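Residues per chain are reported as follows:
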Amino acid sequence: MDLDEAFLHTGEFGRYQKRLTGFLVLLQVYVASQSMLIVLVGAVPEYHVIDQENIPESKEDYDKYVHYANNFTSIVSEWHLIKHEAYKVNLASSLFFAGLLIGNVLFGPLSDKLGRKPVYLSGLFFDIIFGYLAALAPSYEVFAISRFFVGVMNGGMALVSFVLTQEYVGKSYWALTGSLTNLTFALGIALYALLGFYIRNWRTLAFVANCPGIFFFLLSFLLPESPRWLYSQGYTAEAEKVLESIAVGNSVNRPVIKLRLGAGAAKSGGPAHSVLDLVRYEVLRWRTLILMYIWYVCSLVYYGLTLNAGELKGNLYLNVALSGLVEVPAFPLCLYFIEKSWCGRGRATSGFLVFAGLGCIFTMFLPESNDYLINSTVLALFGKLSVSAAFNVVYVYTSELYPTVVRNAGLGVCAMACRFGGILAPFVPALKSLNPSMPFVAFGISGISAGIFSLLLPETCNKPIAENIEDLQLPAYQLLSKGDNIDARI
C-alpha cells in the first residue's frame, strides 16, 4: 500500500495523532512569545529629561538627568536607549527577523537530510539557551546578539515543527492542523500580552516567557520521527513501525502495514536531496518562484497594514493583545473555503489576496471621518483579516505542493522570501512623502498581483501528496511542465 492508504489504516486522525499534533500546536504559544518579546521588553516608558541642554554623554550619568515612569521597565529604561540611542531597539528587532530568515533557510534542508525530530530538538534546545541569555544579558550588545540567535533557532524550529504537525496525520487533515497552528500563534500573542500586564519587569518577563520551552523540550523526546520522512528516505521498515505504533495509540487493532517503496525514495546511504533540487527541476523551479512571491507579498501586506492601518491608542498591553485577536476570525474562514471542491487551496489563496489588495486600494478613496459605517480603518482591518487568512492558507498549500523529500527545503526558501517582506514593510510608509495614498496603493497592487499569480499553481485539495520528485511526472501532479516529463529536466 502507499503512504496515504497506510494512514487510513491507522485511523488517520485518531486519539494518539490528536495528542501529537495538539502538543506541537500548543508549542506555537512559546513561539509567539519569543517572536513578540521585543514589543514589550523594548517598549519606551514615559520619561522626563531634567536638563535638555546638558544631556550627559556617559550612560552612567543618565540616572541623574532622566527619570522614567515606574509603570514598567524595558531595555530602554535599563540601557537608556533614547534620543540618539533609540535606533538600537529597532536594530534588536531587525536582528531577530534576520535570524528568522537564516533559520528558515538552514533548518529546512537540514531536516530534509537528517530527519525532522533531531533538527527540531536541536533548534528548540538552543532557542531556550539563547532565550535565557537574552533575559540575563549584562549589556545591550549581548542582548542584541542573543536575540539574533533566538531568531535563527526559533524560525528554524517553528518551521520543522509545522512540517511535523502535517506529516503525523493523513493528508485530508492538513488544512485543519495547519489552521490550528496559525490560530494558536495568534492566541499566543494575546497570552503574551496578558503575561506582560502582570509582569512589568522586563528581565522577569523574558525569563518567564522562556520557561515553557523547557516543558516542550522534555516532552518532545516522546515524539516519533515523521513516517513520511522515513518513507521518502527509503526507511520503509521504520516507517511501518511508526505507523503501526500510531494505530495502536489510536486504539486501532494493530494492522499489518506493508509499504511499497516509492519510485524515487532515497536508499540508505544514497544521494541526499537538497535545496538545489528546487532549481534543478523546472517544475519545482517555477513553483518555487511563484510561491516565494506569494509569501513575500503576504508578509509585506500583513506587516505593512499592521504598521499603517492606524496605531491603536491607549493601553500598550491591550493593543498587543488585539494585534493577535484580530487575526482569529481569519482561521475558521479559510478552513471553510479550502476544503470546498469549488474553491480549494488555490482559489482561496487568490481570493483572500485579491480582497486584501482591494481593501487597501479602496482605503485611499474614503475620508477619515468616522461618520461612515465603512471607513478607512474598517477597510484596513478587513485587509489585514484577508491577508491573515491568505497567510494561513499558503502555509498549508505550500506544504502540499512540495514532495516530502524537499518539503522543508521548499518551506524554508519560501519563509526566507517572507522575511524579506517583513523587513521591507516598515519602509513603505516613506512613500507618503510622494502621496499619502502611495503605501496603500503599493500594498493593494502587491496583493492583487500575488492573487493572480497563485492561480498558476496546481490545486491540491483532495489530491495525493507527492513523496518524491519523480512522482511529479504523474498526471495528478503536473503543472507548468508544458507536457514535458520529469526525466527531461533531470
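Predicted model only: the values in this text are computed from it and were never measured.

I'd like a description of helix α10 (residues 202-210), backed by residues and values.
Residues of α10 that are buried: Trp 202, Leu 205, Ala 206, Ala 209 and Asn 210. Along the axis of α10, the buried residues cluster in a sector spanning 125 degrees; they form a single face. At the N-terminal end of α10, a side-chain oxygen is found 3.1 Å from the backbone nitrogen of Arg 203, two or three residues along, and the residue is Asn 201.

Could you give an account of the pattern of salt bridges, naming the residues involved and the relevant values?
For the structure shown, the criterion picks out seven salt bridges. Across the pair Glu 78 and Arg 203 runs a salt bridge whose closest N-O atoms are separated by 2.6 Å. With Glu 78 in helix α5 (residues 75-79) and Arg 203 in helix α10, this pair connects stretches of sequence that are 125 residues apart. The salt bridge involving Asp 112 is made with Arg 116; its shortest N-O contact spans 2.6 Å. Given the relative accessible area of 0%, Arg 116 is considered buried. Salt bridges linked by common partners bring Asp 112, Arg 116, Glu 167 and Arg 407 together as one network.

Account for the nonpolar core, with residues named and values stated.
Grouped together as the largest cluster of nonpolar side chains are 98 residues, with contacts concentrated most on Tyr 120 and Trp 295. The leading source of residues in this core is helix α15 (residues 282-308), at twelve residues. If we ignore the near neighbours within four places in the chain, the residues touching Trp 295 are Phe 391, Val 394, Tyr 395, Thr 398, Leu 411, Cys 414, Ala 415 and Cys 418.

I'd like a description of a nonpolar patch on the surface, backed by residues and values.
Together, Ile 102, Leu 106, Leu 110 and Leu 114 give the surface a local cluster of nonpolar side chains, amounting to about 330 Å² of exposed area. For Leu 110, the position within the fold is in helix α6 (residues 87-114).

Got a sec to walk through the confidence of the model for the chain? Specific residues and values, please.
On average, the chain scores 81 in pLDDT, and the residues at 70 or more come to 83%. Low pLDDT (under 50) marks residues 263-270, which in the prediction has 16 contacts with non-local residues, meaning those over four places away or in another chain. Scored below 50 in pLDDT, residues 479-490 makes 26 contacts in the model with residues more than four places away or belonging to other chains.

How would you explain the packing of helix α9 (residues 174-198) against α10 if you had to name every residue and give the values?
Working note: a packed helix pair is described by the angle between its axes plus the distance between those axes. Following both chains from N to C, one finds α9 and α10 inclined at 140 degrees, their axes separated by 10 Å at the closest point. By the angle between their directions, the pair α9 and α10 is classed as oblique. When you trace α9 past α10, the crossing you get is right-handed. In this structure, α9 uses Tyr 192, Leu 195 and Gly 196 to contact α10, whose residues at the interface are Leu 205, Val 208 and Ala 209.

Mind laying out the packing of aromatic side chains, listing which residues take part and the relevant values?
How two aromatic rings sit relative to each other is set out by the distance from centre to centre and by the angle between their planes. Following the criterion strictly, the structure yields 27 aromatic pairs and no others. When the ring of Trp 79 is compared with that of Tyr 140, the centres are 6.5 Å apart and the planes differ by 75 degrees; the resulting orientation is edge-to-face. In this pair, Trp 79 is assigned in helix α5 and Tyr 140 in helix α8 (residues 140-167), connecting sequence segments 61 residues apart. Judged by its relative accessible area of 10%, Trp 79 is buried. For Tyr 140, a relative accessible area of 6% corresponds to the buried category. When the ring of Phe 217 is compared with that of Phe 221, the centres are 5.1 Å apart and the planes differ by 80 degrees; the resulting orientation is edge-to-face.

Now, about the side chain of Asp 112: what can you tell me, with residues and values included?
Relative to the assigned elements, Asp 112 resides in helix α6. Setting aside residues up to four positions removed in sequence, Asp 112 forms contacts with Trp 229, Gln 233, Thr 404, Val 405, Val 406, Arg 407, Asn 408 and Ala 409.

Lay out the packing of helix α7 (residues 116-135) against α10 in plain terms, naming residues and giving numbers.
Between α7 and α10, the least distance of the axes is 8 Å, while the angle of their chain directions is 170 degrees. Comparing their axes, α10 and α7 come out roughly antiparallel. In contact with Asp 127, Ile 128, Gly 131, Tyr 132, Ala 134 and Ala 135 of α7, α10 contributes Trp 202, Arg 203, Ala 206, Phe 207 and Asn 210. Tallied by class, residues from the contact of α7 with α10 come to seven nonpolar, two polar and two charged.

Basis of the calculations
Residues numbered from 1 in each chain as written. Predicted model: local features only at pLDDT ≥ 70, side-chain atom pairs only at ≥ 80, totals over all residues. Heavy atoms only, no water. Buried < 20%, exposed > 50% of the residue type's maximum accessible area, 1.4 Å probe, protein only. Helix = DSSP H or I, 4+ residues; strand = E, 2+ residues; numbered from the N terminus. Arc of directions from axis to C-beta. Polar contact = N/O pair within 3.5 Å; in protein donor to acceptor, adjacent residues only side chain to side chain. Salt bridge = Lys/Arg side-chain N within 4 Å of Asp/Glu carboxyl O. Core = buried A, V, L, I, M, F, W, Y, C linked by side-chain atoms within 4.5 Å. Contact = heavy atoms within 4.5 Å. Patch = residues over 30% accessible without salt bridge, like charges linked within 9 Å, V, L, I, M, F, W, Y side chains within 5 Å. Areas by Shrake-Rupley, 256 points an atom, 1.4 Å probe, with all protein chains shown as cover. pLDDT = per-residue confidence, 0-100. Axes fitted to C-alpha atoms, helices over the stretch in contact; angles between N-to-C directions. Parallel < 35°, antiparallel > 145°, perpendicular 65-115°, else oblique. Left-handed = near helix turned anticlockwise from the far one by under 90°. Phe/Tyr/Trp six-rings, centres within 6.5 Å; stacked < 30°, edge-to-face > 60°. Nonpolar A, V, L, I, M, F, W, Y, C, P; charged D, E, K, R; others polar.

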